[in-house]
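Here are the chains, one letter per residue:
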Amino acid sequence: MKDGTDIPFWYACWSGNQSLMEAYPDLYRYAKNHLTDIFSAGLLSYGAADSVSSTDADGIWQWQLHNMVEMCRGEDTELTDSGDTELTDSGGDAVSVQQRHTLIAGLLSDLQQQGVRVYGDGEDTFVWSAEACGVFTVSSCYNRFRKNLSGPPIDNITVVALSHLWKVNAPPKILLFGWRFIINKIATKDLLVKRGIILDGDDSRCVFCAKENESLRHLFAHCEVTNRVWRKVFDWVGVDICLSREEFVNYFHYCGKITCVKTRIIGAVVWLSTVWNIWLSRNAIVFKNETFSFLGCWSEIVCNAWRWLSSFYNRVNYCNLYTWNILPFSCFET
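It should be emphasised that the depicted structure is a prediction, and the values quoted were computed from it without experimental measurement. (Residues numbered from 1 in each chain as written. Predicted model: local features only at pLDDT ≥ 70, side-chain atom pairs only at ≥ 80, totals over all residues. Heavy atoms only, no water.)

**Topic: the nonpolar core**
F248, Y251, F252, L272 and W324 are the most contacted members of the largest nonpolar core, which has 56 residues in total. When residues of this core are traced back to their parent elements, those giving at least two are α5 (156-165), α6 (172-182), α8 (216-222), α9 (224-241), α10 (245-249), α11 (251-254), α12 (261-288) and α13 (294-312). In terms of residue count, the dominant contributor to this core is α12 (12 residues). Look past the residues within four positions of F252 in its chain and what remains in contact with it is A161, H164, L165, V168, I182, A268, W271 and L272. Within the second largest apolar cluster, 20 residues are counted, among which are F9, W10, W63 and L108. (Core = buried A, V, L, I, M, F, W, Y, C linked by side-chain atoms within 4.5 Å. Buried < 20%, exposed > 50% of the residue type's maximum accessible area, 1.4 Å probe, protein only. Helix = DSSP H or I, 4+ residues; strand = E, 2+ residues; numbered from the N terminus. Contact = heavy atoms within 4.5 Å.)

**As for the pattern of salt bridges**
Two side chains of opposite charge can pair, provided their charged atoms sit close to one another. Under the criterion given, the structure shown has four salt bridges. Here D203 ties to R205 by a salt bridge, and the two come within 3.0 Å at their closest N and O atoms. Using a relative accessible area of 47% as the deciding quantity, one classes D203 as partly exposed. E224 is paired through a salt bridge with K211; the nearest N and O atoms lie 3.1 Å apart. In this pair, E224 sits in helix α9 while K211 sits in the loop between α7 (189-194) and α8, placing the two residues 13 residues apart along the sequence. (Salt bridge = Lys/Arg side-chain N within 4 Å of Asp/Glu carboxyl O.)

**A word on the packing of aromatic side chains**
Aromatic ring pairs are described here by two measures, namely the spacing of the ring centres and the angle between the planes. Taken as a whole and assessed by the stated rule, the structure comprises 13 aromatic pairs. Ring geometry for W236 and W324: centres 5.2 Å apart, planes at 85°, overall edge-to-face. Highlighted residues: W236 in helix α9 and W324 in helix α14 (residues 321-326), separated in sequence by 88 residues. Pair check on accessibility: W236 and W324 agree, each one buried. Here the aromatic residues F181, F220, W230, F234, F248, Y251, F252 and W271 are joined through ring pairs into a cluster of three or more. The ring of F294 has R228 lying over it, and the distance from NZ or CZ to the ring centre is 3.9 Å. (Phe/Tyr/Trp six-rings, centres within 6.5 Å; stacked < 30°, edge-to-face > 60°. Lys NZ or Arg CZ within 6 Å of the ring centre and 35° of its normal.)

**Quick word on the state of the cysteines**
Taken as a whole and assessed by the stated rule, the structure comprises zero disulfides. You can see C242 has no disulfide; the closest cysteine sulfur is in C260, sitting 9.6 Å from it. The exposure class of C242 is exposed, given its relative accessible area of 62%. (Disulfide = S-S within 2.5 Å.)

**Examining the side chain of T263**
Tracing the backbone shows T263 in helix α12. Apart from residues no more than four positions distant in its own chain, T263 is found in contact with D240, I241, Y251, I258 and F329.

Listed below in structure tokens is the structure:
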């Protein structure tokens, strides 16, 4: 903080982990101006310091909070039975003048202990407290949230699967979808029912086969319609990948068995393209009332996988889409 003109006095967290609105709700309630800035809460002068001021070579900063916290909504002054003066607002609530002074004194004491003051020159700037240099970094933000947030522990199998996923070069939204898939956070109908987004009595059946309720496991592993897609994909790349079809459906849990790096990467991109296009086909049925096209879905799987590999990996043989469709593992070198 420098001159305090860009920092809201009541709303910003500038004197601790809470805003003054939260720390002193009674003072905030009767503040003269809720939108005032910090500079308006005091006076920078060059006189002698008093008990509520902070000084340096450039002048003396004096807090003037009594001028800020005043009744301003049709107040009336009354005497209580004990003779103390009270201020009542139009809503009928009574606020003791002495209590108001006590709250202001407490706030002033807090500001003095924290050494908070305003300087005569310089502009206010944001500082990232999680880094010693005050500059925001993604890593410090991640570490801060990781320490503060708690949740169910992730099993080791899932951790290994995610570690394989993050090594793949693919569009960020595809990797994000793969991450949500592995931790079972795709918005299938069973999860939407749990979250109360759709009612339990609504149609929760699979949009492809209409035989069972839609869940991640059913939609991508047990549905007879999507199983046909998986069989086609597995027939295309399965011989080289050396996984069973069941293992390929849960690719990142088993891809550690594949010793060839190139094979593992191509298999990962093909798997991501498969689950992504199955999900897009599902959404087209739900939101656009379209009819599922097996050939259309298959074509998009092949084209997207080829496009992603072409963008993120070196194509030594410069294979065209036709060659990729026939001999996928001969096209790319990693």
